[in-house]
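# Examining the three-dimensional arrangement
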Amino acid sequence: MAKVCITDGVPKAGLDELRAAGHEILTWDRAQPPTRTELLDHVRGADAVLTVLTDKVDEEFLDAAGPQLKVVANIAAGFNNIDLDSCRKRQVFVSNTPGVLFESTADTAFALLLMVTRRFGEAERFIRSGKPWQYRTTFMLGHAIQSMTIGLIGAGQIGTAMARRCRAFGMRIAYASEHPMKAPARDELEAVGLPLDELIATSDVISLHCPLTPETYHLLNAERLAAMKPDAYVINTARGACIDEQALVEALRSGHLAGAGLDVYEHEPEIASGLLEMENVVLLPHLGSATVETRATMTGLAAKNALAVLNGEPPLTPVH
Ligand code: DGY
């Protein structure tokens, strides 16, 4: 019997296979997530850990878990919270949950796109404020997305699912050729690959769907934000640190950009100063994959990955 430590409260159905295999399972079911000290205590002696994206899996974490640890199964597509080199050195497998959350995350990105271009976030806040209103021909007009070009930075499963939604709503699709879109989706969607800087300079909306890596850290910096078309929009459901948030605040404040829809932040749960006051910004608390169905599937996949390793096999969806 192996010890499997899960660092959050997770949908129980996702753990059926691990339970059936007779492993000891320790979840974190308290109202608050663990502090760092509690986290290190919680994973002590684990053979497998199921982690979430707020857990920093570094040397200290791996030391705390101990030398018997065989697998870190992240319940997320992203894995920027995990020190892959340290895991590799210790022969600890790392896995993530690709292929099961792209529709939910694309839904979130598309919802942000509509909310910000049609001013629905602002409009909802307006109604709740109790201010008087009446139907008027020019009241709270947004912009039609139908003639816009969406520029995708990252055109993997999530970016492609976002492109499908945008195409169905009459948008033109472009993607950064550095992070290309695969055929046949590329052809079906008539998507155009452009070098990153050209994409940034010609798109009406930039939507981020890339992993956070040293190359994508602050990829949308002050210079690139300034190079965007005037009145363009930014959507981010990837990772907060892909954007220099202070530079974004400045680009919005100056009126150069029309708005932003954000689900992720560099220093979650902190929101960069300035964003909260802006009416043309829609802010969500990292809900990309947050549906009952998707979170159960993500948990189930992470559990399968852990189980495979405990059975002496490689994970189903390893991170290389
Ligand atoms: C992921 O899987 O990386 C998402 O951000 C979780 O919602």
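That block above? That's the structure.
Let me begin by describing the structure that accompanies this report. Predicted model only: the values in this text are computed from it and were never measured.

On to the environment of Asn-81. With respect to the secondary-structure elements, Asn-81 resides in the loop between strand S4 (71-74) and helix H4 (84-89). Overall, Asn-81 belongs to the buried group, its relative accessible area being 8%. Every residue in contact with Asn-81, bar those within four places of it in the chain, is listed here: Val-52, Leu-53, Asp-55, Lys-56, Val-57 and Asn-74. Only 3.2 Å separates the side chain of Asn-81 from the backbone oxygen of Val-52, close enough to count as a polar contact.

Moving on, we get to the environment of Gly-193. Secondary-structure assignment places Gly-193 in strand S8 (residues 192-194). In this structure Gly-193 comes out as partly exposed when scored by relative accessible area, which is 33%. Residues Gly-193 and Glu-277, 84 residues apart in the sequence, show an inter-C-alpha distance of 36 Å. Ignoring sequence-local partners within four residues, the contact set of Gly-193 consists of Tyr-175 and Ser-177.

This paragraph deals with the packing of aromatic side chains. All told, the structure shown has two aromatic pairs when counted by the stated rule. Centroid distance Phe-110 to Phe-169: 4.6 Å. Interplanar angle 55°. Geometry classified as tilted. With Phe-110 in helix H5 (residues 102-117) and Phe-169 in the loop between helix H7 (157-168) and strand S7 (172-176), the pair connects residues that are 59 residues apart, well separated along the chain. Under the relative-accessibility criterion, Phe-110 is labelled buried at 7%. For Phe-169, a relative accessible area of 38% gives the class partly exposed.

To continue, consider the site of the ligand. Around the ligand, the surrounding shell consists of Leu-53, Ala-76, Ala-77, Gly-78, Leu-101, Arg-239, His-286, Ser-289 and Arg-295. Contacts to the ligand include Arg-239, whose side-chain N or O atom sits 2.7 Å from an oxygen atom. Between the ligand and Ser-289, the relevant distance is 2.6 Å, taken from an oxygen atom to a side-chain nitrogen or oxygen of the residue. For the ligand, the accessible surface in isolation is 230 Å², of which the surrounding protein chains cover 91%. Among the residues making up the shell around the ligand, the classes are represented as four nonpolar, three polar and two charged.

Another point: a nonpolar patch on the surface. Together, Ile-127, Trp-133 and Phe-139 make up an exposed nonpolar region whose accessible area comes to about 310 Å². Mapped onto the fold, Ile-127 is located in helix H6 (residues 120-128).

Right, let's get into the sheet that holds strand S11 (residues 259-262). Here seven strands make up an open sheet; going across it, the order is S8-S7-S6-S9-S10-S11-S12 and the pairing parallel. Looking along the sheet, the strands with just one partner apiece sit at the ends: S8 and strand S12 (281-283). Neighbouring strand axes in the sheet, compared pairwise and without regard to direction, differ in orientation by 20° on average. Note that S7 and S8 share three bridges and pair parallel.

A separate point is the pattern of salt bridges. Taken as a whole and assessed by the stated rule, the structure comprises 23 salt bridges. For Arg-186, the salt bridge goes to Asp-187, with nearest N and O atoms at 3.9 Å. On the basis of relative accessibility, which here comes to 30%, the residue Arg-186 falls in the partly exposed class. Judged by relative accessible area, which is 51%, Asp-187 ranks as exposed. A single salt-bridge network, built from bridges that share partners, covers Arg-36, Lys-56, Asp-58 and Glu-60.

Note that Thr-51 resides in strand S3 (residues 48-51). Side chain to side chain, Thr-51 and Asn-74 meet in a polar contact 2.7 Å long. Dropping the residues within four chain positions of it, Thr-51 is found in contact with Thr-7, Val-57, Phe-61, Val-72, Ala-73, Asn-74, Ile-75 and Ile-82.

What counts and what doesn't
Residues numbered from 1 in each chain as written. Predicted model: local features only at pLDDT ≥ 70, side-chain atom pairs only at ≥ 80, totals over all residues. Heavy atoms only, no water. Helix = DSSP H or I, 4+ residues; strand = E, 2+ residues; numbered from the N terminus. Buried < 20%, exposed > 50% of the residue type's maximum accessible area, 1.4 Å probe, protein only. Contact = heavy atoms within 4.5 Å. Polar contact = N/O pair within 3.5 Å; in protein donor to acceptor, adjacent residues only side chain to side chain. Phe/Tyr/Trp six-rings, centres within 6.5 Å; stacked < 30°, edge-to-face > 60°. Near = heavy atom within 4 Å. Areas by Shrake-Rupley, 256 points an atom, 1.4 Å probe, with all protein chains shown as cover. Nonpolar A, V, L, I, M, F, W, Y, C, P; charged D, E, K, R; others polar. Patch = residues over 30% accessible without salt bridge, like charges linked within 9 Å, V, L, I, M, F, W, Y side chains within 5 Å. Salt bridge = Lys/Arg side-chain N within 4 Å of Asp/Glu carboxyl O. Pairing = 2+ DSSP bridges. Axes fitted to C-alpha atoms, helices over the stretch in contact; angles between N-to-C directions.

Honestly, that's just the spatial picture; any functional story needs more than this.
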